[in-house]
Every structure is written in C-alpha cells, then in structure tokens.
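Fold and contact review
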Amino acid sequence: MPGSTTETYYLNSCGFTIALSFAPSETAFYREKFIAFIREVWGKEGFITRKAKKADFQIIFRSSLERIIAKEKRTKHFFLYAERDFPGRRMVVPYSIGFSVFDLILREVHAFLLERDGFLLHAASVLDKKGILSIFLAPTGGGKSTIAGLLAKRGYFYFSDDVLVVRKAGGKWVFYSPPFIEKNWLPKPKMATKAKIFLIIKAKKQSREIIKDKNSLIKKLIKQLWLANRNVPQGSLNNLMSFIGGNNFYYLKATLNSSKMKEVVDEN
Amino acid sequence: MKIKVKKGLIINKMGDSFVAYDNDTSILHELNETGYFILQDLQKGRPRPETIRRLVKYFKTTQKEVGKDYDDFVKLLDKKALIILQKQRK
C-alpha cells in the first residue's frame, strides 16, 4: 500500500548528502504533497537520488501531533517547527510545516554542516561566460540584488540572490549556488572556483578599489554570515578569517548604469 | 585567583591579525599577538606561572616584562567583561 513504509530521498547539495526520510502517515495528503514538492523543486535539477548512501545529516518527517512542541511564554504559545539534534545530525519535523519553513530548515542544516570547512554568506552573485563569479556584499538594502540584476541583463548568469554557499576543498575556495528557493527562482546546481569579491558602496560614479586593510573586513563580513542563531560558531569564524586572508576584496562604487558597471566589474 | 574566560568568546588569527569575537555583544575586539597568546592560554585554563614561562620562551624576553604585560592584559579583559575572576577558597 503506498505510504505504508518510510521513503528516503537523498539530497546532494554542495558536496553534502542530506537524507530526507518520510515516515508512514495516516494523513497521507500532507505526506504526498511534501514528497511531490521535494521532487519538483530539487528532483528536476538533479539534486535528488533514491540510491541509499551515507548521509551527513538526516531530516525525518513524521505526522504525530505530539511532535509539534508548544512553548508558553506569558500569554503566547509558540509551536516549534522542528526537534533538533545537531550532535546526532538529525532533525525531526512534522508534515504540517510549510514549504518555506522546510527551506529555512535546509539553510539551518547547511549552516551547521558548513562549520567544518565553510559558511553561508549573505551575498548576491553573478557568473560570467569565463566561469568567474562576481560576489556582491552589502547590508540589507545596500544594492546587492540590484547590481546583480543589472549585470544579469548584460549576459551574466544569476548565481545567487540572498545566500551563497562557500566551502574550502583541496586548498581552494569553492562557491555553490544556493540549494534554497530564492525569491522566484528554484535551485540549480552550479559551482565556481574563481571569484571577485566586491563590497558595494552606492555612488554617483562607478569605480573599484582593492581593500588593503583586511582587518576592517572581519567586522563587516561577520555581519554577512547567515547563522542559524545569532551566535557565530568557532568553526565559522575560523573559515571566514581564512577566506578573508586568502582572497582579494574590492570596494565597488556602484551606479545604476549597467554597461558602465559591467566595465568596472570586468576589469582585470 | 582563578580566571575563567567568558562563554561565547571566540578567538582567531588571520596572518598578523588577531581577534576575539564576543557572541553575547557581537563586538569584535582586536588583539595583538601577546594578547592572543595570553587569551588562548586562559581559555585552556593555564595558570599564570605557566603562561609567563611560555611567553618568555616564545618572545625571548624577561619574566618581569611579560609579567607586567600579563597583568595589564588581564585587567583590561576584566574591564571589558571578557573574563570572570574567581577568588579561590583558602
């Protein structure tokens, strides 16, 4: 009978394997909708396999109502959407969570897995035809998406809008397009190994300048880390500082002139 | 006196830069190499005499000089509430 056994899908993302296990459920409607959602968003782009393999993390879907944990604080009730066991590398979630909450859970899991050799960075980025990634950093509202959007109209491929996955592998920094749903885009598996990193400053005239004082970058980039909670784990700080030390960063004075911005970004 | 480093304080180095990040306040403190060395030892629970010996060896200097640096630095850490000074029972 369909749905009477646990079905497991393996999400291959940024070099990690995350097992998504769907336990049997009496409320088959939610279960089937969730499996269909996973297949649609991640299956079509090749992120998903059914072949059993060793997983770095497991997310278990269950329907039991007792798994929805309520927390009371004065007059408010909070229903937490997951039972987290990071040391055990697993999370249990009810089928009743929304799709956007599942996307958030995936970000949390990635942020945890990346403590070893990378981090999630709030960044917009575009890839040129030579495979070089231009990464744009700025506080919220600082123009990251705008600049990336201008360059996308000039032939660049839109790589990330809000979050970029950064990992160190074999002594090199590797950038992955996010396996998360961003605005209206579904995830696509893309990777880059060469990048130019820009801190955006809105200006009247476009230009760029290499940043010599790398110490000043540490404070700025800590604020650009995507963290599951507000604490910066030791691993993430180690990785971030190694990243700063190993790469060149530029101030990018940015305007809305897309052809001039392309010239400045493309400079050698 | 026992010195305990504040929970949530993480220290790191990048080339010649040394920092201590306080997760509670989200403040990044810049350190010099001596400060980084001492803070690392405090995090590991090393007592003052042992850290002084290590500093003398590493920086090739005198006990008097590093002793003063150590005490001044500990006072600064206390002032910035990055450590807790626990009086030991006799």
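Everything that follows concerns the structure shown earlier in this document.
Residues numbered from 1 in each chain as written. Chains lettered and ligands numbered in written order. Predicted model: local features only at pLDDT ≥ 70, side-chain atom pairs only at ≥ 80, totals over all residues. Heavy atoms only, no water.

Residues and elements named next belong to chain A. Scanning all chains against the criterion turns up 18 salt bridges over all chains. Where Arg31 meets Glu7, a salt bridge forms, and the shortest distance between an N and an O atom there is 3.5 Å. With Arg31 in helix H1 (residues 28–43) and Glu7 in strand E1 (residues 7–13), this residue pair connects regions lying 24 residues apart in the sequence. Exposure class is identical for Arg31 and Glu7. Each is buried. The residue Asp117 makes a salt bridge to Arg167 at a minimum N-O spacing of 2.7 Å. Of this pair, Asp117 sits in the loop between helix H2 (99–113) and strand E9 (118–122) while Arg167 sits in strand E13 (residues 163–169); the two residues are 50 residues apart in sequence, bridging distant segments of the chain. Take Asp117 and Arg167: they sit in the same class, and that class is buried. The network of salt bridges with shared partners includes Glu7, Arg31, Glu32 and Arg50. (Salt bridge = Lys/Arg side-chain N within 4 Å of Asp/Glu carboxyl O. Helix = DSSP H or I, 4+ residues; strand = E, 2+ residues; numbered from the N terminus. Buried < 20%, exposed > 50% of the residue type's maximum accessible area, 1.4 Å probe, protein only.)

Residues and elements named next belong to chain A. Relative to the assigned elements, Gln206 resides in the loop between strand E16 (194–202) and strand E17 (207–210). What makes Gln206 buried here is its relative accessible area of 15%. At a separation of 2.8 Å, a polar atom in the side chain of Gln206 contacts the side chain of Thr255. (Polar contact = N/O pair within 3.5 Å; in protein donor to acceptor, adjacent residues only side chain to side chain.)

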